[in-house]
Amino acid sequence: MPPSNSKLEFPPAVTKFISLYSKHGKTVKRSALAFVVISALVQLRTTLGSNKKQKSRSAVEDAAPAKGRGKKGKKGSGVRADVDLVFLSRLSKLLRICIPGVTSKEFWLLNLFSGFLVGRTILSVYVAELDGRIVSALVRGQGRQFLLGILYWMLVALPATYTNSMLTFLQNKLAIAFRTNLTNHLHDKYLRDMTFYKVANLDDRIKNADQLLTQDVTKFCHACSELYSNLTKPILDTMIYNYQLSRNVGGDGLFAANFIVQVSAAVLRAVTPPFGKLAAEEQKLEGEFRFAHSRLIENAEEIALYAGHDVEKSILDRNFAALSSHVNRIFTTRVWYSMFEDFIIKYFWGAAGYVICAIPIFFHVPGTEATQADVGSRTQGFITNRRLLLSSSDAFGRIMYSWKEVSELAGYTARVAELIQVFDDIRDNRFQKTLVSNANTAILNQRGTIVNDADIIEFKNVPIVSPNGDVLVKSLSFSVKPGMHLLIVGPNGSGKSSLFRILGGLWPVYGGTVDKPNYKKIFYIPQRPYLSLGTLRDQVIYPDTKAEMEAKGVTDDDLLKILNIVQVGGVVEREGGWDAEKDWKDVLAGGDKQRIAMGRLFYHRPTYAILDECTSSVSMDIERIMYTHAQELGIRLITVSHRPSLWKYHNWILQYDGQGGYVFTQLDAEERLRLQEEKNAIEARLIEVPKLKQRRTELEAAIAAAKAAKSPSSASLTGLVRR
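Predicted model only: the values in this text are computed from it and were never measured. Per chain, residue numbering runs from 1 following the sequence as it is written. Two thresholds apply to this predicted model, a pLDDT of at least 70 for residue-level local features and 80 or more for giving and counting side-chain atom pairs, whereas whole-chain, interface and lining totals are computed over all residues. As a rule here, side-chain values cover all heavy atoms of the structure and leave hydrogens and water aside.

*Asks:* Help me get a handle on the pairing of strand β10 (residues 662-666), residues and values and all.
*Replies:* Strand pairing is assigned whenever DSSP detects at least two bridges linking the two strands. Only DSSP runs of H or I with at least four residues qualify as helices, and only runs of E with at least two residues qualify as strands; both kinds are numbered from the N terminus onward. With five bridges connecting them, strand β9 (residues 652-656) and β10 associate as antiparallel partners. Within the sheet, the bridge partner assigned to Tyr 656 lies in β10 and is Tyr 662. Hairpin remark: β9 followed by β10, antiparallel, with five residues in the connecting loop; positive phi at Gly 658, about 80°.

Written out as structure tokens, the structure reads:
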């Protein structure tokens, strides 16, 4: 590519450099290509090495689950969000969920999107050529060609605008399609095997699953669809524009331009901040701030009664301050990075572009003689090349900008992938929980046996252990067989509710054997019954649907009879019928809620009913009706209550002492009531003992004082008589 002396005279040094390059051009190109390949291989090896180190660290952490999770253990630094093989592996797994296969709607939607991207690039090349023809006609003064070019410009606007609109439409369709598949997949995991309970109570890795399932999944899906458009199209544009430019300005000029771009891009990547980690940390802090507000709402009554608003305000302010500080740090980082990025992409590459566009004018490029014949031809070539180069520069700039988007996508990918990993770990009974200082890790690492579909409920040497490692009962054994109604009593924190959580599958079995029937044969009624969203009918038949109720042959009249048994049938007419939908937890009083919960029990008619202080808000008459009717239906009762009025409905008792011990024996309600009354009477009399002792001490002191006062007077009187 020798210079054309008739067009421009270069300094001797520049001329010599160009001559040397002309002689050794192939060697220079091959050397540059070899350098690029070797750099890529080194980068790949470095990435693989870091990936192996990370896997080995993870293996060591998994092999020692108890270390670093105690009371004084430090929390981990969080999930990794680097753009490496780990990110690619996570992204691949998530994309297989978003795009199930080649026959899925999402796959063909992606192909259609790709077709429009290719069409948009082809239109851009044509517009660049048309732009050069219009300017050339204007310079030459060819009015007819100019008007014809304007007409073509307006005609090409129709498919161009349609293509742009369809690209936006298909990008949004892809995002919602990805989100639908990913959300359905996560919901299947989240609402299976009590995972929604275990992730909040048995594991400490995720504190804000609601945010991950909503906001983070949405951001991940939008980032994926946007990145495909913002990365695929620029890459395609760069390839097509560079091919066209190589024909217009020659391969040497294009090679020089690409060399400059690659070197500057490498510098730009080297100074790029870790936007992935920053984005992941921002989402984490957002989740903690939202969790603090949710916690305030959940415990509003207790906080208000304690007048703890100042303390809660300081907690909220502290969380928001951490979030605000991190966001400001991101903004500050983006200021200098955006300055450097804009300088490289817009101005440095723009200046290089002008030089490249001038090559056919100042240098002899074979095959371009026809385009350099006159001013009009040179103008047309310059405008076309400049537009192609600007488009190519813009495309490569979008690729560089996409690196920041890829980093942010790595953050969202890490968060969503961690959520799925936690769900899978919980499904396999692998938990990470902060333990108490005296936790027995040996018990936590073992598992007992669960026998489902048994005819009875039986615990055989089962330890009652809380999720944080606190051993409440070392070995519990009892059974509930046909004809037995069990009463469970004991102080708070002794393990009464823990037993139910193990029986319901909420907590793991850390040893022994648990025999229990199918979960549909066990029904649980807490002190504060859960009322779902839906109609009044839904509250009675929960968790059944209306269709399932009708399949059982149950009608609304049958439900009304059930409510009449617990004397709450009037609520149907009062609240507007069975199909009325209200916020039932606020509409119904506490006693009505407990009566509807018992009606729910009578509707389902399970084999076993676990009643946890479920009659605390009703009278003793209603309580008697509830328990006697449940026994008439053949329901075996397991009750937690301290009310002596319930003893007569049970014939066995499981009593905790609060020190890790228990007694399981038959219950004679009348004898126990007699003994309890006698005990209460003795305790009442014993309460008076300290007062009687104190009074006796006071009387003894008064008598002693009286004797002391009498002694001197008697002596004086005796002396006078003698005289």
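*Asks:* Describe the nonpolar core, naming the residues involved and giving the relevant values.
*Replies:* Counting residues in hydrophobic clusters, the biggest one holds 70 residues, and the most contacted among them are Leu 182, Phe 220, Phe 459, Leu 476 and Ile 638. Here this core takes ten residues from helix α12 (residues 375-427), the largest share from any one element. Beyond its immediate sequence surroundings of up to four residues, Phe 220 is in contact with Leu 91, Leu 94, Cys 98, Leu 182, Leu 409, Tyr 412, Thr 413 and Val 416. Within this scheme, the nonpolar core is defined by two criteria: the residues are buried Ala, Val, Leu, Ile, Met, Phe, Trp, Tyr or Cys, and they are joined through side-chain atoms within 4.5 Å. Using a 1.4 Å probe on the protein chains alone, a residue whose accessible area is under 20% of its type maximum counts as buried, one over 50% counts as exposed, and one in between counts as partly exposed. Note on definitions: a residue-residue contact is assigned when non-hydrogen atoms from the two residues lie within 4.5 Å.

*Asks:* Before we move on, could you go through helix α14 (residues 496-503) and cite the residues and values that matter?
*Replies:* Within α14, six of the eight residues are buried, leaving the element largely enclosed by the surrounding structure. All of the buried residues along α14 are Lys 496, Ser 498, Leu 499, Phe 500, Ile 502 and Leu 503. Positive backbone phi, at 80°, marks Gly 505, one or two positions downstream of α14.

*Asks:* I'd like to hear about the pattern of salt bridges, residue by residue, with values.
*Replies:* Here the idea is simple: oppositely charged side chains can pair when their charged atoms come close. For salt bridges, the criterion is a side-chain nitrogen of Lys or Arg within 4 Å of an Asp or Glu carboxyl oxygen. As enumerated under the stated definition, the model contains 23 salt bridges in all. The salt bridge partner of Arg 427 is Asp 428, with a shortest N-O separation of 3.4 Å. Classification of Arg 427 as partly exposed rests on a relative accessible area of 47%. With a shortest N-O distance of 3.5 Å, Asp 586 and Lys 585 are connected by a salt bridge. The class of Lys 585 is partly exposed, set by a relative accessible area of 48%. When salt bridges with common partners are traced through the structure, they connect Lys 189, Asp 203, Arg 205, Asp 424, Asp 425, Arg 427, Asp 428 and Arg 430 into a single cluster.

*Asks:* I'd like to hear about the packing of helix α20 (residues 590-604) against helix α21 (residues 620-632), residue by residue, with values.
*Replies:* Every angle, taken between N-to-C directions, lies between 0 and 180 degrees, and every axis is a line fitted to C-alpha atoms, over only the stretch in contact when it is a helix. Taken N-terminus to C-terminus, the directions of α20 and α21 make an angle of 10°; their axes are 11 Å apart at the nearest point. Classed by the angle they form, the pair α20 and α21 counts as roughly parallel. Of the residues in α21, those touching α20 at Gln 594, Arg 595, Met 598 and Phe 602 are Ile 622, Met 626, His 629 and Ala 630. Angle categories: roughly parallel below 35 degrees, roughly antiparallel above 145, roughly perpendicular from 65 to 115, and oblique for all the rest.

*Asks:* Quick one: what's the story with a nonpolar patch on the surface, residue by residue and with numbers?
*Replies:* A patch is a set of surface residues, each over 30% in relative accessible area and not in a salt bridge, joined within 9 Å for like charges and within 5 Å for the nonpolar side chains Val, Leu, Ile, Met, Phe, Trp and Tyr. Computed with a 1.4 Å probe, the accessible areas rest on the Shrake-Rupley method; for each residue, only the protein chains presented here act as cover. A contiguous nonpolar patch, built from Tyr 126, Leu 151, Tyr 152, Leu 155 and Leu 158 and spanning about 460 Å² of accessible area, is present on the exposed surface. Per-element tally for the nonpolar patch: the top contributor is helix α4 (residues 143-190), with four residues.

*Asks:* Outline unusual backbone geometry, supporting the account with residue identities and numerical values.
*Replies:* Here the residue pair Tyr 542 and Pro 543 is connected by a cis peptide bond, since its omega of 5° sits within 30 degrees of zero. As for its position among the elements, Pro 543 is in the loop between α15 (536-541) and α16 (546-551). Even without a glycine there, the phi angle at Gln 567 is positive, about 60°. Counting through the fold element by element, Gln 567 comes out in the loop between α17 (556-565) and α18 (570-574). Even without a glycine there, the phi angle at Arg 605 is positive, about 50°. Checked against the element boundaries, Arg 605 lands in the loop between α20 and β7 (608-612).

*Asks:* I'd love a proper account of the sheet that holds β7, names of residues and values included.
*Replies:* Spatially, the six strands line up as an open sheet ordered β6-β7-β8-β4-β9-β10, and their pairing is mixed. Of all the strands in the sheet, the pair left with one neighbour each is β6 (522-525) and β10. Within the sheet, the average angular offset between the axes of one strand and its neighbour, ignoring direction, is 15°.

*Asks:* Kindly report on the environment of Asp 583, identifying the contributing residues and their values.
*Replies:* Among the secondary structure elements, Asp 583 is positioned in the loop between α18 and α19 (584-587). Note on Asp 583: relative accessible area 36%, which makes it partly exposed. Residues Asp 583 and Gly 534, spaced 49 residues apart in sequence, show a C-alpha to C-alpha distance of 8.3 Å.

*Asks:* Hey, could you go over the packing of aromatic side chains for me, with residue numbers and the actual values?
*Replies:* Whether two aromatic rings pair depends on their centres lying within 6.5 Å, for rings of Phe, Tyr and Trp, where Trp uses its six-membered ring; planes under 30 degrees apart make the pair stacked, over 60 edge-to-face, and the rest tilted. Under the counting rule described, the total for this entry stands at twelve aromatic pairs. The interplanar angle of 25° and the centroid separation of 5.0 Å between the aromatic rings of Phe 459 and Phe 478 together place this pair among those described as stacked. Of this pair, Phe 459 sits in strand β2 (residues 457-465) while Phe 478 sits in strand β3 (residues 471-480), and the two are 19 residues apart along the sequence. Comparing Phe 459 with Phe 478 shows no difference in burial state: the two are buried. Put simply, the rings of Phe 459, Phe 478, Trp 652 and Phe 664 pair up and form one aromatic cluster.

*Asks:* With reference to specific residues and values, describe the pairing of β7.
*Replies:* Buried residues dominate β7, accounting for five of its five residues. Here β7 shows no split at all, with Tyr 608, Ile 610 and Asp 612 on one side and Ala 609 and Leu 611 on the other all buried. Pairing of β7 with strand β8 (residues 636-640) involves five bridges; the strand directions are parallel. Counted as the bridge partner of Tyr 608 is Arg 636 from β8.

*Asks:* Describe the sheet that holds β2, with residues and values.
*Replies:* The strand order β1-β5-β2-β3 describes an open sheet built from four strands, whose pairing is mixed. Across the chains shown, the open sheet's two edge strands, defined by having one partner strand only, are β1 (449-451) and β3. Each strand axis lies, on average, 20° off the axis of its neighbour in the sheet, ignoring direction. Inspection of the sheet shows β2 paired to β3 by six bridges, in the antiparallel sense. Across the sheet, residue Phe 459 finds its bridge partner in β3, namely Phe 478. Docked against the sheet, α14 engages β2, β3 and β5 (513-515), running at close to 115° with respect to β2.

*Asks:* Please give an account of the environment of Lys 520 that cites residues and values.
*Replies:* Tracing the sequence through the fold places Lys 520 in the loop between β5 and β6. For Lys 520 and Arg 605, which are 85 residues apart along the polypeptide, the C-alpha to C-alpha distance reads 9.8 Å.

*Asks:* Go over the confidence of the model for the protein with me, naming the residues and quoting the values.
*Replies:* The quantity called pLDDT is the predictor's confidence in a given residue, expressed from 0 to 100. Here the protein averages 79 in pLDDT, and 77% of its residues register 70 or above. Residue range residues 57-77 is modelled with pLDDT below 50. Its contacts to residues more than four positions away, or to other chains, number 15 contacts. Residue range residues 367-373 is modelled with pLDDT below 50. Its contacts to residues more than four positions away, or to other chains, number twelve contacts.

*Asks:* Tell me what's going on with α20, and back it up with residues and numbers.
*Replies:* What a helix is expected to span follows from its residue count: subtract one and scale by 1.5 Å. For α20, spanning 15 residues, the distance from its first C-alpha to its last is 22 Å, which sits close to the expected 21 Å at 1.5 Å a residue. Counting buried positions over the 15 residues of α20 gives 14, a clear majority of the element. Following α20 by one or two positions, Arg 605 adopts a phi angle in the positive range, close to 50°.

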